[in-house]
Amino acid sequence: VQLQASGGGLVQPGGSLRLSCEASGLLFSTHVMAWFRQAPGKEREWVAGINWDGDNGYYPYSLKGRFTISRDNAKNTVYLQMNSLKPEDTAVYYCHAVRFSGIWYTYWGQGTLVTVSS
């Protein structure tokens with residue numbers, strides 16, 4: 001299983017970025033997908049989640065309204081649209097796939113760095 005994240009980079013405060021994560025080696029449409037992030041010196045935190053068919057996105061209250069998660073099951077890809085970026089959004093962003101079938105199956109991508117700075 002591979003989760004290949006891309007789209008990170010340097011952006012100015014107030015700017016936008018869209019991250020992508022392409023999955024391979026798993027049946028993508030059966031997995032709940034999520035994004036997490038980890039800033040330097042901090043614990044990894046949950047950023048967004050989306051159900052199998054993409055009808056519902058979930059966010060921590062602090063990020064709701066600025067971040068939008070979506071998925072394209074035909075492309076085995078999950079996206080994270082990030083708007084109105086702030087310096088505190090600077091982190092490595094990881095995609096995550098999870099499925100429960102008697103036991104939990106979880107997979108992590110390698111991460112993509114987002115730096116918000118002027």
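Here is what the cut-offs are and how they apply
Starting from 1, residues in each chain are numbered consecutively following that chain's sequence as written. With the structure being a predicted model, the display of local features is reserved for residues of pLDDT at least 70 and the display and counting of side-chain atom pairs for 80 or more, all residues being used for whole-chain, interface and lining totals. The basis for every side-chain value is the complete set of non-hydrogen atoms in the structure, without hydrogens or water. Helix numbering and strand numbering both begin at the N terminus, where a helix is a DSSP run of H or I of at least 4 residues and a strand a DSSP run of E of at least 2. We compute the radius of gyration from the C-alpha atoms alone; for a globule the expected value is 2.2 Å times N to the 0.38, where N is the number of residues. Three exposure classes are used, based on accessible area relative to the maximum for each residue type with a 1.4 Å probe and protein chains only: buried under 20%, partly exposed in between, and exposed over 50%. The pairing criterion is simple: DSSP has to find at least two bridges between the two strands. A pairing counts as a salt bridge when a side-chain nitrogen of Lys or Arg comes within 4 Å of a carboxyl oxygen of Asp or Glu. Here the nonpolar core consists of buried residues drawn from Ala, Val, Leu, Ile, Met, Phe, Trp, Tyr and Cys, with membership extended through side-chain atoms lying within 4.5 Å. Here a Phe, Tyr or Trp ring, Trp counted by its six-membered ring, pairs with any other such ring whose centre lies within 6.5 Å, and the pair is stacked when the planes are under 30 degrees apart, edge-to-face when over 60, and tilted otherwise. Lysine NZ or arginine CZ positioned within 6 Å of the ring centre and within 35 degrees of the ring normal marks a charge as sitting over the ring.

S.K.: I keep staring at the overall build of the chain and nothing clicks. Help me out?
M.R.: Tallying secondary structure elements over the chain gives 0 helices and 11 strands in all. Ordering the α and β elements of the chain from the N terminus gives β-β-β-β-β-β-β-β-β-β-β. At 14 Å, the chain has a C-alpha radius of gyration in line with the 13 Å of a compact globule built from 118 residues. Taken over the C-alpha atoms alone, the chain extends approximately 45 × 30 × 25 Å along its principal axes.

S.K.: Is there a simple way to think about the pairing of strand β8 (residues 77-82) in this case?
M.R.: Working note: regular strand, side chains alternate between the two faces of the sheet. Of all the 6 residues making up β8, 5 are buried; the element is thus mostly covered by neighbouring parts of the structure. Taken together, the 6 bridges between strand β3 (residues 17-24) and β8 define a ladder with antiparallel strand orientation. Bridged to L17 within β8 is M82. Relative to β8, strand β7 (residues 67-72) runs antiparallel, the two sharing 6 bridges. Along β8, the bridge assignment pairs F67 with M82.

S.K.: Help me understand the pattern of salt bridges, please; the structure alone is not making it clear to me.
M.R.: Side-chain pairs of opposite charge can arise where the charged atoms are in close proximity. The full count for this structure, using the stated rule, is 3 salt bridges. Residues E45 and R37 are paired through a salt bridge, measuring 2.6 Å at the closest nitrogen-oxygen approach. Its relative accessible area of 36% is what places E45 among the partly exposed residues. R37 serves as the salt-bridge partner of D89, at 2.9 Å between the closest nitrogen and oxygen. Of this pair, D89 sits in the loop between β8 and β9 (91-101) while R37 sits in strand β4 (residues 32-38); the two residues are 52 residues apart in sequence, bridging distant segments of the chain. According to the relative accessible area criterion, R37 is buried, its value standing at 8%. Ionic contacts of the salt-bridge type, sharing partners, join the residues R37, E45, R66 and D89 into one network.

S.K.: Sorry, what's going on with the nonpolar core here?
M.R.: Side chains that are nonpolar tend, in soluble globular proteins, to be buried together. Ranked by internal contacts, the top residues of the largest apolar core, which has 29 residues, are W35, L80, M82 and Y93. Among the secondary structure elements, those contributing two or more residues to this core are β1 (2-6), β3, β4, β5 (45-50), β7, β8, β9 and β11 (112-116).

S.K.: Just checking my understanding: could you explain the packing of aromatic side chains for this structure?
M.R.: Two descriptors summarise a pair of aromatic rings, namely the distance from one centre to the other and the angle between the planes of the rings. In the structure shown here, the tally under the stated rule is 2 aromatic pairs. Ring centres of F36 and W108 lie 4.9 Å apart, and the angle between their planes is 65 degrees; this geometry places the pair in the edge-to-face category. Of this pair, F36 sits in strand β4 while W108 is found in strand β10 (residues 103-108), placing the two residues 72 residues apart along the sequence. Assessed through its relative accessible area of 17%, F36 is described here as buried. Residues F100 and W104 carry aromatic rings whose centres are separated by 4.8 Å and whose planes lie at 55 degrees to one another, so their mutual orientation is tilted. Comparing F100 with W104, the two get one shared label, exposed. One cation-aromatic arrangement involves R44 over Y94; the distance from NZ or CZ to the ring centre is 3.8 Å. Just above the ring of W108 sits the side chain of R44; from NZ or CZ to the centre is 4.6 Å.

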